[in-house]
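# Chains, contacts and geometry: an overview
As a plain string of letters, each chain reads:
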Amino acid sequence: MNHPKRILLKLSGEALMGKLDFGLDPDVLHNTAKQIVDVQRSGIQVALVIGGGNIFRGAGLVKSGINKVSADQMGMLATVMNALAMQDALQKQGTSCRVMTAMLIDQLGESFSAERAQRYLDQGEVVIFAAGTGSPCFTTDSAASLRAIEIKADLLLKATMVDGVYDSDPAKNPNAKRYDSLSFNEAIEQRLGVMDLTAMVLCNENNMPMRVFNMFETGALEAIINGESVGTLVEVVK
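The structure contained in this document is the topic of the report that follows. Throughout, residues of each chain are indexed from 1 in the direction in which the sequence is written. Predicted model: local features are reported for residues with pLDDT of at least 70 only, side-chain atom pairs are reported and counted for 80 or more only, and whole-chain, interface and lining totals are derived from all residues. The side-chain figures draw on all heavy atoms in the structure; neither hydrogens nor water molecules are used.

Attention now moves to the overall build of the protein. Under the scheme used here, helices are H or I runs from DSSP no shorter than 4 residues and strands are E runs no shorter than 2 residues, and both carry numbers assigned from the N terminus. Tallying secondary structure elements over the protein gives eight helices and 11 strands in all. Here the protein has a C-alpha radius of gyration of 17 Å; the compact-globule value for 238 residues is 18 Å, and the two agree. Dimensions of the protein, computed from C-alpha atoms along their principal axes, come out at roughly 50 × 45 × 35 Å. Residue burial in the protein is summarised as follows: out of 238 residues, 50% are buried. Partitioning the contacts of the protein with sequence separation of at least 6, the portion at a separation of at least 24 is 72%. Every accessible area reported is derived by Shrake-Rupley at a probe size of 1.4 Å, with residue values counting cover from the shown protein chains alone. If you sum the accessible surface of the protein, you get close to 11,400 Å²; carbon and sulfur atoms cover 49% of it. For the charge count, each Lys or Arg is scored as positive and each Asp or Glu as negative, with His and the chain ends excluded. Note that the charge is assigned to NZ on lysines, CZ on arginines, CG on aspartates and CD on glutamates. Taken as two groups, the 22 positive and 27 negative side-chain charges of the protein have centres that lie 2 Å from each other. The reference for a compact globule is 2.2 Å times residues^0.38; the radius of gyration itself is calculated from the C-alpha atoms. Each residue's exposure class comes from its accessible area (1.4 Å probe, protein chains only) as a fraction of the maximum for that residue type: buried when under 20%, exposed when over 50%, partly exposed otherwise. Any two residues whose heavy atoms approach within 4.5 Å are treated as being in contact.

Structure, rendered in structure tokens:
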């Protein structure tokens, strides 16, 4: 595909843990921020959605007996904490960064507005979207798909710990096959676990291409921006 001009990068909270059991690994945070700033300084507009699984996972909290709505709200707050940490890391790299939240937390970030977010991106700022969609029962995958559509991104990037989408778990099956490209319909029908169903349907219906890749593979993000085929491209096939 053509070189994207505006991307939305979806990072999992777990990825930011590094080798820790909980929280944020400062080295991973720093290195991730550096990659983002390097891409931004090449002229690409960058927005982010970060999960909160390194702090709280709604599903896990529900199993412990907490009401699902409350558990999901706690998970959304965890994404705000990660967003603030990433904002600090990006600012230390010398770039301007805004946190926009789907919940009313005025002291920590401004309320989400697609119009203002696009304006900030045009001005050369990184924008981090926190607190998911602002509603329970939706994952940060869904939030990433929704925000990518709302800001008119050219490409949604899902950063993972593996180098693309496989037909089975490569950690369990040494013969697992990696796909170079897939349609959203194929990913949904084969239940490949690329993203949750809501997220993939949103992308499919709004023609939002997505590339799944290993964020921690040296040079991967830069290669994608340069138009190279890294990881797995999931797109609408007509």
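What follows covers the nonpolar core. Counting 39 residues, the largest nonpolar core has L9, L48, M86, L90, I128 and F213 as the members making the most contacts within it. Looking at this core, the elements that each hand over two or more residues are β1 (6-11), α1 (26-41), β2 (45-50), α3 (68-92), β3 (97-101), β5 (126-130), β6 (155-160) and α8 (220-225). Sorting elements by how many residues they give to this core places α3 first, with seven residues. Each residue touching L48, except ones within four places of it in the same chain, is listed here: L9, L11, I36, M86, L90, V126, V127, I128 and F129. To qualify as a nonpolar core, a set must consist of buried Ala, Val, Leu, Ile, Met, Phe, Trp, Tyr and Cys residues joined through side-chain atoms within 4.5 Å. The next biggest cluster of nonpolar side chains, apart from the first, holds 29 residues, and it includes A117, L121, I151 and F184.

We now examine α1. The end-to-end C-alpha separation of α1 is 22 Å, in line with the 22 Å expected for 16 residues at 1.5 Å each. Residues V28, L29, T32, A33, I36, V37, V39 and Q40 constitute the buried set of α1. The arc enclosing the buried residues of α1, seen along the axis, measures out at 160°, which places them on a common side. In α1, the exposed positions that point more than 90 degrees away from the buried face belong to D27 and R41. In the core, the buried residues of α1 are packed alongside β1, β2, α3, β5 and α8. Here a polar contact is recorded for every N or O atom pair within 3.5 Å, except that within protein the pair must consist of a potential hydrogen donor and a potential acceptor, and residues adjacent in sequence are included only if both atoms are side-chain atoms. Structurally, the start of α1 carries an N-cap: the backbone nitrogen of D27 is 2.8 Å from a side-chain oxygen of D25. Positive backbone phi, at 105°, marks G43, one or two positions downstream of α1. In a helix, the anticipated span is given by 1.5 Å times the number of residues less one. Arc definition: it is the arc formed by the directions from the helix axis to the C-beta atoms.

A few words on the packing of α1 against α3. One way to put it is that α1 packs onto α3 with a least axis distance of 9 Å and a crossing angle of 60°. As the angle between them shows, α1 and α3 are arranged oblique. Here α1 and α3 pass one another in a crossing that is right-handed. Residues L29, T32, A33, I36 and V37 of α1 lie in contact with α3, whose contacting residues are A85, M86, A89 and L90. Just so you know the grouping, Ala, Val, Leu, Ile, Met, Phe, Trp, Tyr, Cys and Pro go in nonpolar, Asp, Glu, Lys and Arg go in charged, and all remaining residues, Gly too, go in polar. Of the residues that constitute the contact of α1 with α3, the class distribution is eight nonpolar, one polar and no charged. Here, axes are lines fitted to C-alpha atoms. For helices the fit covers the stretch in contact, and angles between N-to-C directions go from 0 to 180 degrees. Between 65 and 115 degrees an angle is taken as roughly perpendicular, under 35 as roughly parallel, over 145 as roughly antiparallel, and anywhere else as oblique. Each crossing gets its handedness from the near helix: less than a right angle anticlockwise from the far helix is left-handed, clockwise is right-handed.

Only one rule defines a salt bridge in this text: a Lys or Arg side-chain nitrogen within 4 Å of an Asp or Glu carboxyl oxygen. Scanning all chains against the criterion turns up 12 salt bridges. As a salt-bridge pair, K92 and D88 come within 3.0 Å of each other at their nearest N and O atoms. With K92 and D88 both in helix α3, this residue pair falls four residues apart, about one helical turn. Across the salt bridge formed by E125 and R98, the nearest N and O atoms sit 2.9 Å from each other. Taken together, the residues span a long stretch of sequence, with E125 in the loop between α4 (114-122) and β5 and R98 in strand β3 at a distance of 27 residues. Where salt bridges share partners, they join R98, E110, R116 and E125 into one cluster.

This part covers a nonpolar patch on the surface. Taken together, the side chains of M161, V162 and F216 make up a nonpolar region of the molecular surface, amounting to roughly 270 Å² of accessible area. Among the structural elements, F216 can be located in the loop between β10 (210-214) and α8. Residues with no salt bridge and a relative accessible area higher than 30% make up the patches, which join like charges within 9 Å and nonpolar side chains (Val, Leu, Ile, Met, Phe, Trp, Tyr) within 5 Å.

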